[in-house]
Every structure is written in structure tokens, then in C-alpha cells.
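# Geometric and topological summary
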Amino acid sequence: MGALIVLIAIVALWVWWKKSHYNDSKWVKERIEGRNEDQKAVIRYFCNDPACLSKKPISDAEYDQMVLDVLNSTDYKQKALNKLGIDEDQVKEIEPVHFEGFVYDENGKSFTKYGDDGKSRSSKYQVSWLFFSATQLYLYQNTFNMDEDGKQEVTEEYFYKDITNFATSSDTVETPFYDAKKDKMVLKNVNSNRFLMTVPGNKFYCSLEQNDYAERAIQGMKAMLREKKNA
């Protein structure tokens, strides 16, 4: 009987220890080294197997909140105006347009997964603001990573006469996912929705969430562009 009690205690202690520690593989340990606690949580969210008998990574809702916290920490509209060097009074042709959404890399430089809710998420997120003067479109774009400090800012200016088209692009992208059971990256398809602006010799994309706002904004931009072309 005594031996059984000892065995039960050992098993209980082992279960407690497993549930209080993450099941980080060597691959994950290499990638969390030097990261802050939020970045470690993000990497574990995308890479650790939540089904294992171990400490669970953050949930889909918790990750969404982390992204929202980053978005709320900066006034991206004002930052865009500052970076572009314009005043809002100069760009009142139509209301400024704002797009945002996850970015899905084909080159595997960010993490991607399908959540328990079936929605795809990435560790890379993009915010775009577009402003409209009487003659020009001004664009600011900020792409940031949730798993590291990296970010990319882009500013562009286009005369309406040089813009060929505004459209939405819905593509299936073959994107690397981390497979915790295989401990390696595997390719899976993910749907990517983007705003597309075409100019001679180039196409410019903005990640977006398809919703009524995005649809109305793009239709308004198309109507304005037609008026400018026909003026």
C-alpha cells in the first residue's frame, strides 16, 4: 500500500511539473532565445502543441488581444500624416481610408496557424492608411512582427493620372506552418485578402479584412478615380 501511495505521489508530481512547464522543442527554444515575454508567448502560440500534457500556450482570443493592444498603443493615422509630411486639411477629397490585416509570407519569415475557431492568423500584421488630395493619393503602411521587434514602414505618393485601378485580391497562398508533432515547417494553403492598387510597371498591396467598411471604401475610391480620369 505504501509503495502505491509513493507511486501515486510521483505521478501526481510529474503531472504537476508537466502542466507548469511549456513543451518547447529544441526548434522553439532556439527561436525564443533573447525574446521578451510577449514575443515568447507568441512563438509558443504558433509552435507549441496545445494538446500535449504541458503548460498551454495562449488562446486565440488572447493572441487577438495582444495584436489589438499593439494597434491601440499607436495613433497610426497621425503617424501616417507625420511620416508623409501632410496636414489632414490638405487631403479632404474623400475620407481617409484605413486597411489592416494579417500578412502571410510565402518565404516563411513569419508564423501562421489556424486557430480553434478555424480562422487563420499570422505573427505579421499590417496597417495601411490612404489619404486623398485634389491631385494625389498618399499612402502610409506599417508592417510589424508580433514575435520580434522587426517592422517595415513604407510611404508612397501617386498622381491620380498614374493610377490604373483599385481592386481587391483574394489569393490562396502556400504558406509555411510549424508542425509541432513533426518539429518542422510544412506547407499549407491559406486565403489572403488584399487591396490592390495598380500603377504603370508596379502593383501595390495592402492586407485587409473583408467587411462592409472595406467594400464601401474601395467603391468610393473607384468612383473618385473615375471622376478624376474623366475630368
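First things first, this report covers the structure right here in the doc.

Thresholds applied
Residues numbered from 1 in each chain as written. Predicted model: local features only at pLDDT ≥ 70, side-chain atom pairs only at ≥ 80, totals over all residues. Heavy atoms only, no water. Helix = DSSP H or I, 4+ residues; strand = E, 2+ residues; numbered from the N terminus. Buried < 20%, exposed > 50% of the residue type's maximum accessible area, 1.4 Å probe, protein only. Core = buried A, V, L, I, M, F, W, Y, C linked by side-chain atoms within 4.5 Å. Contact = heavy atoms within 4.5 Å. Pairing = 2+ DSSP bridges. Axes fitted to C-alpha atoms, helices over the stretch in contact; angles between N-to-C directions.

## Notes on the environment of Phe-111
Within the secondary structure, Phe-111 sits in the loop between β1 (97–102) and β2 (112–114). Here Phe-111 falls in the buried class, since its relative accessible area comes to 8%.

## Some thoughts on the nonpolar core
By size, the foremost hydrophobic cluster in this structure holds 34 residues, and its most contacted members are Cys-47, Tyr-63 and Phe-131. Contributions of two or more residues to this core are made by α2 (26–32), α3 (37–47), α4 (60–72), α5 (76–84), β4 (124–132), β5 (136–145) and β7 (165–179). Of the residues forming this core, the biggest block, six residues, is contributed by α3. Among all residues touching Tyr-63, those that are not within four sequence positions of it are Val-42, Tyr-45, Phe-46, Ile-58, Phe-102, Arg-121, Ser-122, Ser-123 and Met-146. Formed by 23 residues, the second largest nonpolar core is a distinct cluster that contains Leu-130, Tyr-158, Ile-163 and Cys-206.

## Let's talk about the sheet that holds β5
Across the sheet, four strands lie side by side as β1-β4-β5-β6; this open sheet has antiparallel pairing. Of all strands in the sheet, those with a lone pairing partner are β1 and β6 (151–159), marking the two edges. On average, each strand axis in the sheet is tilted by 10 degrees relative to the strand beside it, whichever way the strands run. Pairing of β1 with β4 involves six bridges; the strand directions are antiparallel.

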